[in-house]
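Listed below are the residues making up each chain.
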Amino acid sequence: MKKKVYTFGLASILGTASLFTPFMNNTASAETSQQKQEIQQKRSEVNSGIESKRKEIAKLQDEQKKLETKIQELDKKALETSNKIEDKEKENKKTKKEVEALKKEIKETEKRIEERSKVIKNRVRSLQENGGSQNYLNVLLGAQSFGDFITRATAVSTIVDADKDLLDEQEKDKNKLEKAMSDLNTKLDEIQKTLADLKTLKSDLDKQLKEQANLSKQLQTKQAAAESELSDLKKEAGSLTKEEAALEQKLKEERAAVAAAAKAKEESATAADSGSSSSSKSGSVSKSNGSSNSGSSSSKKSSSPSRNYSSGSVVSSNGNAIEAAISTGSSIVGRSPYKWGGGRSQADIDNRRFDCSSFVRWAYASAGVELGFGATTSTLVGKGRAVSASEMKRGDLVFFDTYKTNGHVGIYLGNGTFLNDNSSRGVSVDSMSNTYWKKAFSGVVRRVVE
């Protein structure tokens with residue numbers, strides 16, 4: 001009798017446990033589902049933040065692009081103004097030489113006037129000595145005879161006419177010099193006024209360029225911060241996705257456990273002893289399934305590709321490549337207008353429409369030295385090897401800080417000149433001592449051909 005009670009008690013206990021197992025598993029599943037919903041909600045908020053941050057970055061990039069366009073326009077005006085200042089200073093120097101030459105002529109004219117005055121004085125003195133009088137009237141009245149009077153009257157008339165001619169010549173010379181000096185002074189004043197206005201304009205343009213450069217840096221800082229925040233949001237979204245996947249896996253395992261418990265309940269209803277064995281087996285199966293899924297999850301690994309950037313190499317040459325490149329580039333001086341972004345299509349190349357970097361690339365490509373199709377100042381500054389400004393030689397690439405650091409490039413020719421394509425004059429040969437280029441040159445030089 002005790003044996004039967006014991007058996008019934010064990011079966012009852014196992015049966016009761018199997019009744020509670022689904023309830024417990026369903027409760028756990030509900031909690032997991034709730035966690036999953038919370039994660040999905042949070043991931044939705046993060047994705048919304050990612051989209052918002054992308055729009056912010058796009059807006060900043062658009063502002064940066066507009067700002068760079070404005071900086072390029074200001075930079076072009078600054079270059080044109082600098083060239084005008086240089087031309088006006090040459091004109092000013094030439095006019096000053098003309099003034100000096102006129103002053104010399106004035107001295108020579110004054111000398112001629114003085115000599116004429118001496119001639120007149122000598123004539124008067126001679127007349128006074130002949131007539132013993134202090135004026136022409138006394139000379140005439142002092143005639144001893146009518147014949148003497150006629151002689152004296154003729155002499156006086158001749159001298160007076162000669163003196164009048166001399167005086168007229170002196171007056172003309174004087175007026176001519178005064179007008180020439182007045183014209184030159186007016187011209188000099190206009191040149192100096194224009195020069196002063198140009199220098200003021202250049203100063204204002206430099207100030208605006210500095211302000212725009214500061215704004216550009218601020219936008220770059222904002223964009224970097226926004227991109228950093230976007231990166232963090234993407235990482236968070238990725239983490240939430242993994243967490244959601246883990247919860248989904250957990251739900252699968254819990255559902256599998258519920259199914260195993262239900263199966264155990266059916267088996268325990270047949271026999272209490274076999275039910276105990278079946279329940280143990282079910283637990284084992286559940287555990288086995290869990291460990292298998294865990295191993296599958298842990299076996300997933302992500303990898304990100306790495307990029308290696310190689311520096312430029314120097315092309316060995318006997319100098320022919322350099323001269324060939326310079327010769328080709330020089331052949332279109334004054335005949336190739338500047339085009340922003342030009343030289344990157346065959347049509348542009350055929351029509352000789354370049355910007356500074358594509359012009360340099362084209363010139364060297366014609367000599368068999370390839371610097372990269374679609375080259376920019378940013379890529380060219382990494383070509384060849386760096387050399388100091390004091391060691392730069394003909395054929396080296398020289399860089400200038402215009403609308404940005406290393407924003408302009410040209411080919412050094414020697415004697416302080418360089419061949420380049422600029423927004424003011426197109427393809428031209430310019431002096432590095434020009435106030436604009438001198439200020440923009442920070443000593444960045446690259447040697448691409450030895």
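The structure this text deals with has already been given above.
Residues numbered from 1 in each chain as written. Predicted model: local features only at pLDDT ≥ 70, side-chain atom pairs only at ≥ 80, totals over all residues. Heavy atoms only, no water.

### A few points about the layout of surface pockets
By volume, the largest pocket amounts to about 630 Å³. Along the wall of the largest pocket there are 23 residues; nearest its centre are Leu209, Ala213, Asp401, Thr402 and Tyr403. Listed by contribution, the elements that provide at least two residues to the lining of the largest pocket are α1 (2-131), α3 (146-270) and α9 (435-440). Per-element accounting of the lining of the largest pocket gives the leading share, 10 residues, to α3. Partitioning the lining of the largest pocket into residue classes produces 7 nonpolar, 6 polar and 10 charged. (1 Å grid on protein atoms, 1.4 Å probe; cavity = no way out; pocket = protein on both sides within 12 Å on 5 of 7 lines; lining within 4 Å. Points joined across faces, edges and corners; volume = space filled by probe spheres on them. Helix = DSSP H or I, 4+ residues; strand = E, 2+ residues; numbered from the N terminus. Nonpolar A, V, L, I, M, F, W, Y, C, P; charged D, E, K, R; others polar.)

### Remarks on unusual backbone geometry
Positive phi outside glycine occurs at arginine 352, with the angle close to 55 degrees. Residue position: arginine 352 is located in the loop between α6 (346-350) and α7 (356-365). A positive phi is found at asparagine 406, a non-glycine position, where the angle reads about 55 degrees. As for its position among the elements, asparagine 406 is in the loop between β2 (397-400) and β3 (408-414).

### Observations concerning the side chain of serine 357
Take serine 357: it is sitting in helix α7. With residues up to four places along the chain from it excluded, the contact list for serine 357 reads Arg344, Ala375, Thr376, Thr377, Leu380 and Val409. (Contact = heavy atoms within 4.5 Å.)

### As for the sheet that holds β3
The strand order β1-β6-β2-β3-β4-β5 describes an open sheet built from 6 strands, whose pairing is antiparallel. Two strands bound the open sheet, and with one partner strand each, they are β1 (385-387) and β5 (426-431). Each neighbouring strand pair of the sheet contributes to a mean axis angle of 35 degrees, computed without reference to strand direction. For β2 and β3, the ladder comprises 4 bridges, and the chain directions are antiparallel. Each bridged residue has a counterpart across the sheet, and for phenylalanine 400 the counterpart in β3 is histidine 408. Running over the sheet, α7 touches β2, β3, β4 (417-422) and β5 and is turned about 45 degrees from β3. (Pairing = 2+ DSSP bridges. Axes fitted to C-alpha atoms, helices over the stretch in contact; angles between N-to-C directions.)

### Section: the pairing of β4
Counting buried positions along β4 gives 5 out of 6 residues, so the element sits mostly inside the fold. In this structure, β3 lies alongside β4, joined through 3 bridges in antiparallel fashion. Among the inter-strand pairings, glycine 414 is bridged to a residue of β4, identified as threonine 417. Here β4 runs beside β5; their pairing, made up of 6 bridges, is antiparallel. Directly across from asparagine 420, in β5, lies its bridge partner serine 428. (Buried < 20%, exposed > 50% of the residue type's maximum accessible area, 1.4 Å probe, protein only.)

### Here we look at the pattern of salt bridges
Enumeration over the complete set of coordinates arrives at 16 salt bridges. A salt bridge links arginine 394 to glutamate 323, with the shortest nitrogen-to-oxygen separation between them at 2.8 Å. Of the two residues, arginine 394 is situated in the loop between β1 and β2 and glutamate 323 in helix α5 (residues 320-330); the sequence distance between them amounts to 71 residues. The class of arginine 394 is partly exposed, set by a relative accessible area of 35%. With its nearest N and O atoms 2.9 Å apart, the salt bridge here joins arginine 361 to glutamate 370. (Salt bridge = Lys/Arg side-chain N within 4 Å of Asp/Glu carboxyl O.)

### So, the packing of α5 against α7
Their axes nearest at 7 Å, the elements α5 and α7 cross at an angle of 125 degrees. As judged from the angle between their axes, α5 and α7 are oblique. Pair α5 / α7 crosses with right-handed handedness. For the pair formed by α5 and α7, the contact residues are Ala321, Ile322, Ala325, Thr328 and Gly329 on the first element and Phe359, Trp362, Ala363 and Tyr364 on the second. Here the residues of the contact of α5 with α7 are counted per class, giving 7 nonpolar, 2 polar and no charged. (Parallel < 35°, antiparallel > 145°, perpendicular 65-115°, else oblique. Left-handed = near helix turned anticlockwise from the far one by under 90°.)

### Describing the nonpolar core
The biggest cluster of nonpolar side chains holds 31 residues, and the ones touching the most others in it are Val398, Phe400 and Met432. Within the residue set of this core, elements represented by two or more residues are α1, α3, β2 and α9. Ranked by residue count, the leading element in this core is α1, at 10 residues. Listed in part, the 26 residues of the second largest apolar core include Ile326, Phe354, Phe359 and Val409. (Core = buried A, V, L, I, M, F, W, Y, C linked by side-chain atoms within 4.5 Å.)

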